Amino acid sequence: MEIKSVGVVGAGQMGNGIAHVMAVAGYDVVLNDLNADALERAMAVIDKNLDRQVSRNIISADDKAASLARISSTQELTELGQCDLIVEAATEREEIKTKIFETLVPHLKPNTILTSNTSSISITRLASRTDRPEKFMGFHFMNPVPVMQLVELIRGIATDQETYQACLKVVEDLGKTAASAEDFPAFIVNRILMPMINEAVYTLYEGVGNVSSIDQAMKLGANHPMGPLELADFIGLDTCLAIMNVLHDGLGDTKYRPCPLLSKYVEAGWLGRKTSRGFYDYRGDAPVPTR
Ligand SMILES: CC(=O)CC(=O)SCCNC(=O)CCNC(=O)[C@H](O)C(C)(C)COP(=O)(O)OP(=O)(O)OC[C@H]1O[C@@H](n2cnc3c(N)ncnc32)[C@H](O)[C@@H]1OP(=O)(O)O
Ligand SMILES: NC(=O)C1=CN([C@@H]2O[C@H](COP(=O)(O)OP(=O)(O)OC[C@H]3O[C@@H](n4cnc5c(N)ncnc54)[C@H](OP(=O)(O)O)[C@@H]3O)[C@@H](O)[C@H]2O)C=CC1
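Conventions used here
Residues numbered from 1 in each chain as written. Chains lettered and ligands numbered in written order. Predicted model: local features only at pLDDT ≥ 70, side-chain atom pairs only at ≥ 80, totals over all residues. Heavy atoms only, no water. Core = buried A, V, L, I, M, F, W, Y, C linked by side-chain atoms within 4.5 Å. Buried < 20%, exposed > 50% of the residue type's maximum accessible area, 1.4 Å probe, protein only. Helix = DSSP H or I, 4+ residues; strand = E, 2+ residues; numbered from the N terminus. Contact = heavy atoms within 4.5 Å. Near = heavy atom within 4 Å. Polar contact = N/O pair within 3.5 Å; in protein donor to acceptor, adjacent residues only side chain to side chain. Areas by Shrake-Rupley, 256 points an atom, 1.4 Å probe, with all protein chains shown as cover. Nonpolar A, V, L, I, M, F, W, Y, C, P; charged D, E, K, R; others polar. Domains from an automatic or database assignment. Axes fitted to C-alpha atoms, helices over the stretch in contact; angles between N-to-C directions. Left-handed = near helix turned anticlockwise from the far one by under 90°. UniProt positions renumbered as here; feature names shortened; annotations may be inferred. Buried area = accessible area lost by both parts, 1.4 Å probe. Salt bridge = Lys/Arg side-chain N within 4 Å of Asp/Glu carboxyl O.

(A) Representation of the nonpolar core in the model. Formed by 36 residues in total, the largest nonpolar core has its most connected members in I18, M22, L85, F139, F141 and L153. Secondary-structure elements contributing two or more residues to this core are strand 1 (5-9), helix 1 (13-24), strand 2 (28-32), helix 2 (36-55), strand 4 (85-88), strand 6 (136-141), strand 7 (150-155) and helix 6 (161-173). Excluding anything up to four places from it in sequence, I18 contacts V8, V87, A89, N117, F141 and V145. Formed by 28 residues, the second largest nonpolar core is a distinct cluster that contains A186, Y202, L229 and C259.

Listed below in structure tokens is the structure:
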């Protein structure tokens, strides 16, 4: 089955990155979000990130124009009906994702492959709410999508080999590398990364270090490109908390208990970069630690 067009649901930081790399690779892209503002913001970010690639000679100005021309945006989910591949990248809440798939399915071609960019939620369970669990997969990009090499491919219990091979080919067309993961809570990357971030928040909560010392310790002491709290802000604290809850509920081990301080930041609406405040305050010229 040949994939030529891709529907991306959710135009947040992941959705815009996925639309960007798909368009650069030559796929026609239809980007969907509930509100027009999100779509407008996403197109502006894609434009800026394409410029970044032009200025670094990764793509030409003509490539940029052709890529932008391949992306259309819509608030109507049903307009994704003719796409060959769907990548769902809406908010990390199971009821939102399930609703999207249930709404979309009656409008799809029989061969269309359904995927989710979920960071943690069971692929098997999401697939079971559709008419095509054998054509359903986890397609997990890393943030920032235009830069990060990895895509995790997660088979649900029913996913067939043809679907896996078709998704693997898309990953290769994007110039990225796939890692295969089994369908258990948070798969590979977040099973390992998120408990580290949660532990960094406990380290802050218990006063072992402040925001700056914790981030500096891990950047200079373990050669991480970003400190764990800076990375949590970059990912989004709501997403980090949602992943910890999936690990905690799904594996039933207290070692995955989300730090109460992480919950408090989310309750405050301090979700990190996307709301201009998280472990750092981004409203001024330079980020200022909040603790
Ligand atoms: C939560 C999940 O489910 C899974 C996840 O995604 S977990 C998160 C995984 N991601 C990470 O761990 C990211 C860790 N951070 C990093 O790797 C780096 O800090 C970074 C790549 C984001 C930025 O690197 P940096 O050296 O500080 O910045 P900078 O030199 O300006 O940029 C490096 C490159 O990234 C590009 N870039 C930086 N930010 C970007 C963005 N938001 N979008 C697109 N491109 C970006 C730059 O254009 C530059 O490209 P080239 O190397 O091709 O010239
Ligand atoms: N952040 C990260 O580093 C990574 C995240 N992911 C996963 O990618 C997905 C998206 O995350 P991210 O981009 O960070 O989140 P964002 O919060 O940046 O974006 C989510 C977008 O989805 C929109 N949305 C919500 N409900 C619907 C719906 N029913 N239909 C269409 N759009 C909808 C939101 O709109 P509104 O704001 O109006 O609610 C928002 O624009 C999540 O599953 C997350 O776990 C995967 C890898 C890395």
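(B) Inspection of the site of ligand 2 at higher detail. In the vicinity of ligand 2 lie 25 residues, with D33, E92, K97, S119 and I235 positioned nearest. With respect to ligand 2, the backbone of A90 contributes an N or O atom lying 3.2 Å from an oxygen atom. In the model, an oxygen atom of ligand 2 is placed 2.6 Å from a nitrogen or oxygen of the E92 side chain. For ligand 2, the protein covers 83% of the area, taking 890 Å² as the surface of the free molecule. Of all the secondary structure elements, the ones that give two or more residues to the shell around ligand 2 are helix 1, helix 4 (94-104) and strand 6. Among the elements that line the shell around ligand 2, the one with the most residues is helix 4, at three residues. Looking at the shell around ligand 2 residue by residue, the classes come out as nine nonpolar, 12 polar and four charged. When residues of the shell around ligand 2 are assigned to domains, at least three fall in each of domain 1 (5-182) and domain 2 (190-289).

(C) Region of interest: the site of ligand 1. The environment of ligand 1 is formed by 18 residues, the closest being R52, R56, H140, N143 and N190. The separation between a nitrogen atom of ligand 1 and a polar side-chain atom of R52 is 3.4 Å. One nitrogen or oxygen atom from the main chain of N143 is found 2.7 Å from a nitrogen atom belonging to ligand 1. In the complex, 67% of the free accessible area of ligand 1, which totals 1,000 Å², lies under the protein chains. Residue assignment for the shell around ligand 1 shows that the elements contributing at least two residues are helix 2, helix 7 (189-205) and helix 9 (228-235). Looking at which domains feed residues into the shell around ligand 1, each of domain 1 (5-182) and domain 2 (190-289) gives three or more.

(D) Quick peek at the packing of helix 7 against helix 9. Across the interface, helix 7 lies against helix 9 with an axial gap of 9 Å and an inter-helix angle of 120°. Considering the relative orientation of helix 7 and helix 9, their crossing is left-handed. Contact residues: helix 7 offers L193, M194, M196, I197, A200, V201 and L204, while helix 9 offers P228, L229, L231, A232 and I235. Grouping the constituent residues of the contact of helix 7 with helix 9 by class yields 12 nonpolar, no polar and no charged.

(E) Fine view of the environment of I188. As for its position among the elements, I188 is in the loop between strand 8 (177-181) and helix 7. Sequence spacing of I188 and S120 is 68 residues, and the spatial spacing of their C-alpha atoms is 9.4 Å. Apart from the residues within four sequence positions on either side, I188 is in contact with E152, S180 and A181.

(F) Structural view of the UniProt feature "binding site: NAD(+)" (unreviewed entry) in the protein chain. Within the UniProt annotation, "binding site: NAD(+)" (unreviewed entry) is assigned to G10, A11, G12, Q13, M14, G15, D33, E92, K97, S119, N143 and K274. Mapped onto the elements, G12 comes out in the loop between strand 1 and helix 1. Overall, G12 belongs to the partly exposed group, its relative accessible area being 36%. Relative to the helices and strands, E92 is located in the loop between strand 4 and helix 4. When sequence neighbours within four positions are dropped, the list of residues in contact with E92 reads K97, T118, S119, S120, I121 and A242. Here the side chain of E92 touches T118 through a polar contact of 2.9 Å, side chain to side chain.

(G) Representation of the domain arrangement of the protein chain within the structure. Per the domain assignment, the segments of the protein chain are domain 1 (5-182) and domain 2 (190-289). Averaged C-alpha coordinates put domain 1 and domain 2 at centres separated by 26 Å. Facing the eight residues of domain 1 at the interface are seven residues of domain 2. Summed over both partners, the interface of domain 1 with domain 2 buries about 650 Å², with 56% contributed by carbon and sulfur atoms. The tally of links between domain 1 and domain 2 comes to zero salt bridges. Taken together, the links from domain 1 to domain 2 amount to three residue pairs in polar contact (both at pLDDT 80 or more). For the side of domain 1 that touches domain 2, a count of residues per class yields two nonpolar, five polar and one charged.

(H) Broad picture of the pattern of salt bridges. Tallying each qualifying case throughout the model produces 13 salt bridges. Of the charged contacts, one joins E94 and R125 as a salt bridge, the two residues approaching to 2.7 Å between their closest N and O atoms. Here E94, found in helix 4, pairs with R125, found in helix 5 (residues 123-128); they are 31 residues apart in sequence, far enough to count as distant. Each of D47, D51 and K64 takes part in salt bridges that share partners, so that together they form one network.

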